[in-house]
Amino acid sequence: MEEFLVEITTTVPEGTGQEEVDRRRAAEAVRAGELAASGHLARLWRPVGELRSIGVWRAADEEELHANVLGTLPLRPWMTLTVTPLQPHPNDPGTK
């Protein structure tokens, strides 16, 4: 599987009820757990003081990442994504 750095900003549409927001966030947590268990979500961080996330995601290719991984997130319609394909670095201490 290839790895991708994905920056996610979620913006709740104006006028959306709190019940809908809570329902989607709960479903998002469940789906993230499923994607982690299947190896698609490797790591996820939230920068201090910011309402966005940065994660390392895995998929066969970028098409699969968008269609079958990120596209299955309940909050996806409210997300803005920046996807950066990653490749191993020869000096990565994790590979030695």
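Everything that follows concerns the structure shown earlier in this document.
Residues numbered from 1 in each chain as written. Predicted model: local features only at pLDDT ≥ 70, side-chain atom pairs only at ≥ 80, totals over all residues. Heavy atoms only, no water.

Caption draft 1: Molecular detail of the overall build of the chain. The helix and strand tally for the chain stands at two helices and four strands. Once the C-alpha set of the chain is aligned to its principal axes, its extents read approximately 50 × 30 × 20 Å. By residue count, 26% of the 96 residues in the chain fall in the buried class. In the chain, the share of contacts with a sequence separation of at least 24, taken over all contacts with a separation of at least 6, comes to 65%. By element, 52% of the accessible surface of the chain is carried by carbon and sulfur atoms, the whole surface being about 6,400 Å². Positive and negative charge centroids in the chain, built from 10 and 15 side chains respectively, lie 5 Å apart. (Helix = DSSP H or I, 4+ residues; strand = E, 2+ residues; numbered from the N terminus. Buried < 20%, exposed > 50% of the residue type's maximum accessible area, 1.4 Å probe, protein only. Contact = heavy atoms within 4.5 Å. Areas by Shrake-Rupley, 256 points an atom, 1.4 Å probe, with all protein chains shown as cover. Lys, Arg positive; Asp, Glu negative; His and termini not counted. Charge placed at Lys NZ, Arg CZ, Asp CG, Glu CD.)

Caption draft 2: Seen up close, helix H1 (residues 18-37). The first and last C-alpha atoms of H1 sit 29 Å apart over 20 residues, in line with the 28 Å expected at 1.5 Å per residue. Residues Val21, Arg24, Glu28, Ala32 and Leu35 constitute the buried set of H1. Down the axis of H1, the smallest arc covering the buried residues is 80°, so these residues share one side. Summarising the geometry of H1, the exposed residues directed more than 90 degrees from the buried face are Glu19, Ala29, Val30 and Ala37. Each element contacted by the buried residues of H1 is listed here: strand E2 (41-45), strand E3 (52-59), helix H2 (62-69) and strand E4 (79-86). (Expected span 1.5 Å × (residues − 1). Arc of directions from axis to C-beta.)

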